[in-house]
There are 4 protein chains.
Amino acid sequence: MSRLFLGYSVPMPADPARRSQESWRAILDAAYALFVENGYQSVTMGGIAARAGVGRQTLYRWWPSKGAVVFEAFLDKVSIGPFPADGDFAAILRAYAHGFLTLYVDGAGGSRLRELIGAAQTDPDLARAMAEQWFEPRRAPVRQALREAQQAGAVRADVDADTALDLVFAPLHYRLLVSGQPLDAAYADAVVDLCLHALR
Amino acid sequence: MSRLFLGYSVPMPADPARRSQESWRAILDAAYALFVENGYQSVTMGGIAARAGVGRQTLYRWWPSKGAVVFEAFLDKVSIGPFPADGDFAAILRAYAHGFLTLYVDGAGGSRLRELIGAAQTDPDLARAMAEQWFEPRRAPVRQALREAQQAGAVRADVDADTALDLVFAPLHYRLLVSGQPLDAAYADAVVDLCLHALR
Amino acid sequence: MSRLFLGYSVPMPADPARRSQESWRAILDAAYALFVENGYQSVTMGGIAARAGVGRQTLYRWWPSKGAVVFEAFLDKVSIGPFPADGDFAAILRAYAHGFLTLYVDGAGGSRLRELIGAAQTDPDLARAMAEQWFEPRRAPVRQALREAQQAGAVRADVDADTALDLVFAPLHYRLLVSGQPLDAAYADAVVDLCLHALR
Amino acid sequence: MSRLFLGYSVPMPADPARRSQESWRAILDAAYALFVENGYQSVTMGGIAARAGVGRQTLYRWWPSKGAVVFEAFLDKVSIGPFPADGDFAAILRAYAHGFLTLYVDGAGGSRLRELIGAAQTDPDLARAMAEQWFEPRRAPVRQALREAQQAGAVRADVDADTALDLVFAPLHYRLLVSGQPLDAAYADAVVDLCLHALR
DNA sequence: GCTTAATCGAGACGGTACGTCCGGTCTTACC
DNA sequence: GGTAAGACCGGACGTACCGTCTCGATTAAGC
């Protein structure tokens, strides 16, 4: 038997109700602190356990890998938004674009997200967990707003919603992960404008 | 003293003219083979050296890290294009989009590129090298074609060229690296169409 | 408060009358089976508990250590003798020598005794328990017979009884534990003969 | 291919000539110090490596187990004798008996030997190594002296030499390892006297 | 019969040692 | 001086047990 953890399928580790809340808290705190301070690479299972004052086995009992712990710690600490979810579609789009931008550029943990995405390239479970737990929840309201705008006739109805969403989310992450070119407010605005133009 | 290697700054390791061509060849072949067969994570410096029949020190003498060797091996083996560089801008854009798509989806080494990009998230030297040696050379001709199209009046002149390029390159990499949604020809076409619409 | 267990002094664990007879039986059976099958080293408290279908705490409640459980299981299962306790002293000596020999060479649990003696070298409690519960009960009748033989004038009276006993018991255990030389019936006979010669 | 180490058969670890003399010295010193200070049980491979300022892998490269390291360290540090090897057989016997006695009772490392013998009960390689490298070299001169005494007619010629030797060596080790009764000079003398009586 | 307390199976917990793997440096002998 | 070979120190890995602890469920006495 097995259970799902953030999309991970791991051997059933008995009853989650029996796990120690103190240890769980201490582990997430320690993992996040080490992640933010020194970066993903230098986080180690042993280091997290030591900082949390916890046995190493306790980590392995509840998480299958370093990526899983760090990502759960990330989810536990980092939030984005909330943003206006109704009203002008253009404003919604702009709010989200600037929200991501701020997170990636300013935020302590946010600016480390790219390292997590990097780790996910060789860890399919982490990749799935991140897609489901982090990205999709942030795309969903925008997708909803887009559909409403399409029904209202403010946006072309012949475009697949996810493809349209990618038009604005993708460039931000492309600069974050790939191109190395500047990622700033002016760029976010330009992308949003082009996107709106494409969708009109 | 130091020299530049693919953007890496490494301590000057004596006279490059004296390096063994056989070893160099064997190392790149071994590194690429291991990379394609088992993935980036499981490539090790020792493994490359053993497979190449080479001393471990020889790797460290000429490359600063695993990422550097593997990326040079990748550059050595994987190519994309050439694509038509003049004529209809839309056709050029489409050719490039499909070129990347094919590489990432079909190609042996190409489908491993995402792992290299992943590694680059915690290795700034590798990130710079990849941006300069891999991505920029593939963007340059498209940027040139875009500018000519702008001068010809076929494309809006009030858009920054790199931002415009991102509109088509970014979504492909976003789906590759982040979203987990399908990356196929229909998507590439849709993205190109939207992009052209935005730029008209 | 504390109680004595086979020479161990352990914290008093409440009322022994309340202990579960089923668990006690199952534990001794499991411990002995694991000991005989895989040897002392590979016996673990957790392994015993699992095989006995018993909680780990139940072991720790009634026994202070692995050595204590295994030795009690050993005592519970392994016996030697009885041997003729009166009559010719030489015959008694020979009977005991061959009894030990058979146990060590043939017996399932007996041939594992050397491992228990080994463990006792770093566990004073186990050493004491073994001396009192295993070795002394087997020496006592021989000592008694020796003293009677001394009084009857069949054996020199100027020799300390324990020293004399050692002359025959020691070589058997020396070959078992130390020298690695063959331990067989011919050797046992030779030792007994020499011993009798020394004591005449 | 493999090589012999103190009777151990281990996978061939390349050229012993290349091993670091400094590390080798530091390891034996550290192992012996920890052994004498805290006892065999509490010696760990990691502890030896740390105290020696050596990588853990270096231990595993050259020794197959804790027992092997500690025993080599023991051999390196602990000596016994030399004793007079010719002249009166009784005197030789007495010298050896007192030599062992002194080692086991007084000596720092010597009094730990029983723990090594204990470990050997579950480690056949260690048992063999100890028999060949420690015990046999100490028995050999006495065996030689015994044979000369037999030829000179001072000792019965109808007794197997090793059996006769056991008569005096065994009781000392029996009290050390098994019986828990006092091991002192008076006992050693009594044993030697009885032994000489048996052999006359 | 009811309550109360100790024992039971189960298993999570903080630790410690294991033996392996790899990173990056160094040494040696050959070319 | 570059090279193949490989020993070296360091340190992270994931596993196995240790001995303690907490949890309900069960059981057995004493009221």
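For clarity, every value in this text was computed on a predicted model and none was experimentally measured.

What counts, and at which threshold
Residues numbered from 1 in each chain as written. Chains lettered and ligands numbered in written order. Predicted model: local features only at pLDDT ≥ 70, side-chain atom pairs only at ≥ 80, totals over all residues. Heavy atoms only, no water. Helix = DSSP H or I, 4+ residues; strand = E, 2+ residues; numbered from the N terminus. Buried < 20%, exposed > 50% of the residue type's maximum accessible area, 1.4 Å probe, protein only. Contact = heavy atoms within 4.5 Å. Expected span 1.5 Å × (residues − 1). Least-squares fit on C-alpha atoms with pLDDT ≥ 70 in both. Core = buried A, V, L, I, M, F, W, Y, C linked by side-chain atoms within 4.5 Å. Salt bridge = Lys/Arg side-chain N within 4 Å of Asp/Glu carboxyl O. Polar contact = N/O pair within 3.5 Å; in protein donor to acceptor, adjacent residues only side chain to side chain. Buried area = accessible area lost by both parts, 1.4 Å probe. Nonpolar A, V, L, I, M, F, W, Y, C, P; charged D, E, K, R; others polar. Domains from an automatic or database assignment. UniProt positions renumbered as here; feature names shortened; annotations may be inferred. Axes fitted to C-alpha atoms, helices over the stretch in contact; angles between N-to-C directions. Parallel < 35°, antiparallel > 145°, perpendicular 65-115°, else oblique. Left-handed = near helix turned anticlockwise from the far one by under 90°.

Asker: Would you explain the overall build of chain A in this entry?
Answerer: In terms of helices and strands, chain A carries 9 helices and 2 strands. Counting from the amino terminus, chain A carries its helices and strands in the arrangement β-β-α-α-α-α-α-α-α-α-α. Projected onto its principal axes, the C-alpha positions of chain A cover 55 × 35 × 30 Å. The buried share of chain A, reckoned over its 200 residues, is 55%. The long-range share in chain A, meaning contacts at least 24 apart out of those at least 6 apart in sequence, stands at 65%.

Asker: What am I meant to see in helix α4 (residues 66–77) of chain C here?
Answerer: Side chains three or four residues apart in an α-helix point the same way, a direct result of the helix having 3.6 residues per turn. Residue and element names in this part refer to chain C. A rise of 1.5 Å per residue sets the reference length of α4, with its 12 residues, at 16 Å; its end C-alpha atoms lie 17 Å apart and thus fit the reference within 8%. Within α4, 9 of the 12 residues are buried, leaving the element largely enclosed by the surrounding structure. Turning to α4, its buried residues number three or more, namely K66, G67, A68, V69, V70, F71, E72, A73 and F74.

Asker: What is the right way to look at the relation of the copies chain C and chain D in this model?
Answerer: To go from the first copy of the chain to the second, apply a rotation about an axis and then a shift along the same axis. Overlaying chain C on chain D yields an RMSD of 0.1 Å, the required transformation being a rotation through 180° with an accompanying axial translation of 0.0 Å. The symmetry that links the two subunits is that of a two-fold axis. Both copies present the same face, since 100% of the interface residues in chain C are matched by interface residues at the equivalent positions in chain D.

Asker: In this structure, what is going on with the relation of the copies chain A and chain B? I would like to understand it.
Answerer: For the pair chain A and chain B, the superposition axis carries a translation of 0.0 Å, the fit reaches an RMSD of 0.1 Å, and the rotation angle comes to 180°. By residue overlap, the copies meet face to face through one surface: 100% of the interface positions of chain A are interface positions in chain B.

Asker: Explanation requested: the environment of I92 of chain C in the structure shown.
Answerer: Residues and elements named next belong to chain C. You can see I92 is positioned in helix α5 (residues 89–105). For I92, a relative accessible area of 2% translates into the label buried. When neighbours within four sequence positions are excluded, I92 is seen to be in contact with P84, A85, D86, G87 and A145.

Asker: Help me understand the nonpolar core in this model?
Answerer: Considering soluble globular proteins, one finds that nonpolar side chains tend to be buried as a cluster. The biggest cluster of nonpolar side chains holds 147 residues, and the ones touching the most others in it are L116 and W134 of chain A together with F89, L116 and W134 of chain B. Leave out the neighbours within four places in its chain, and L116 of chain B touches F35, Y40, G67, V70, F71, F74, L126 and M130 of chain B. With 146 residues, the next largest nonpolar core counts V43, A90, W134 and L167 of chain C among its residues.

Asker: Looking at this structure, how should I read the interface of chain A and chain B?
Answerer: Each partner contributes to the interface: chain A provides 36 residues, whereas chain B provides 36 residues. For the interface between chain A and chain B, the tally reads 2 salt bridges. For R175 of chain B, the salt bridge identified is with D166 of chain A, shortest N-O distance 2.8 Å. The interface formed by chain A and chain B includes 17 residue pairs in polar contact (both at pLDDT 80 or more).

Asker: Help me understand the arrangement of the chains in this model?
Answerer: Nothing in chain A touches chain C, and the closest approach of their C-alpha atoms is 16 Å. The two partners chain B and chain D share no contact, and the minimum distance between any of their C-alpha atoms is 16 Å.

Asker: Sorry if this is basic, but what is going on with the interface of chain C and chain D here?
Answerer: Counting residues at the interface gives 36 residues for chain C, matched by 36 residues for chain D. Summed over both sides, the interface of chain C with chain D buries roughly 3,200 Å², with 63% coming from carbon and sulfur. Contact with chain D buries area across many residues of chain C, yet Q121, Y174 and L194 of chain C alone supply 23% of it, more than any other trio. In this assembly, chain C and chain D are joined by 2 salt bridges. Counting the contacts that link chain C with chain D gives 17 residue pairs in polar contact (both at pLDDT 80 or more). Sorting the residues of the side of chain C that touches chain D by element identifies α6 (113–120), α7 (124–151), α8 (161–179) and α9 (185–199) of chain C as the ones contributing at least two each. Looking at the side of chain C that touches chain D element by element, the count peaks at 14 residues for α8 of chain C. By residue class, the composition of the side of chain C that touches chain D is 19 nonpolar, 9 polar and 8 charged.

Asker: Mind showing me how you'd approach helix α6 (residues 113–120) of chain B here?
Answerer: Most of α6 of chain B is tucked away, with 7 of its 8 residues classed as buried. Listed in full, the buried residues belonging to α6 of chain B are L113, E115, L116, I117, G118, A119 and A120 of chain B.

Asker: Mind showing me how you'd approach the pattern of salt bridges here?
Answerer: For side chains of opposite charge, pairing can occur when their charged atoms come near one another. According to the stated counting rule, one finds 56 salt bridges over all chains in the structure shown. The residue R128 of chain A makes a salt bridge to D125 of chain A at a minimum N-O spacing of 2.7 Å. On the criterion of helical spacing, the pair formed by R128 of chain A and D125 of chain A is a turn pair, its members being 3 residues apart in helix α7 (residues 124–151). Looking at R128 of chain A, the relative accessible area reads 36%, which means it is partly exposed. Assessed through its relative accessible area of 27%, D125 of chain A is described here as partly exposed. As a salt-bridge pair, R94 of chain D and D193 of chain D come within 3.4 Å of each other at their nearest N and O atoms. Linking R94 of chain D in helix α5 (residues 89–105) with D193 of chain D in helix α9 (residues 185–199), this pair joins segments that are 99 residues apart in sequence.

Asker: Please clarify how the domain arrangement of chain A should be interpreted in this entry.
Answerer: Often, the extent of an interface is quoted as the loss of accessible area on bringing the components together. Residues and elements named next belong to chain A. Each domain of chain A was delimited in the assignment, giving domain 1 (2–76) and domain 2 (78–199). For domain 1 and domain 2, the distance between their C-alpha centroids amounts to 28 Å. On the domain 2 side, the residues contacting the 18 residues of domain 1 number 18 residues. Here domain 1 and domain 2 share an interface that buries about 1,500 Å² over both sides, 67% of which is from carbon and sulfur atoms.

Asker: Would you mind going over the UniProt feature "DNA-binding region" (unreviewed entry) in chain A with me for this structure?
Answerer: The feature "DNA-binding region" (unreviewed entry), as given by UniProt, occupies residues 44–63 of chain A in the numbering adopted here. Regarding residues 44–63 of chain A, the helix share stands at 75% and the strand share at 0%, and the terminal C-alpha atoms are separated by 13 Å.

Asker: Please clarify how the environment of A91 of chain B should be interpreted in this entry.
Answerer: Residues and elements named next belong to chain B. One can find A91 in helix α5 (residues 89–106). Given the relative accessible area of 37%, A91 is considered partly exposed. A sequence separation of 101 residues divides A91 from V192, and the C-alpha atoms of the two residues are 9.7 Å apart.

Asker: I'm lost on the packing of helix α5 (residues 89–105) of chain A against helix α8 (residues 161–179) of chain A in this one. Help?
Answerer: Packed helices, taken two at a time, are described by the angle between their axes plus the distance between the axes. Residues and elements named next belong to chain A. With their axes 10 Å apart at the nearest point, α5 and α8 run at an angle of 15° to one another. Viewed along their axes, α5 and α8 adopt a mutual orientation that is roughly parallel. Along this stretch, α5 crosses α8, giving a crossing that reads as right-handed. Residues L93, Y96, A97, F100 and Y104 of α5 lie in contact with α8, whose contacting residues are V168, F169, L172, H173 and L176. For the contact of α5 with α8, the class distribution of residues is 9 nonpolar, 1 polar and no charged.

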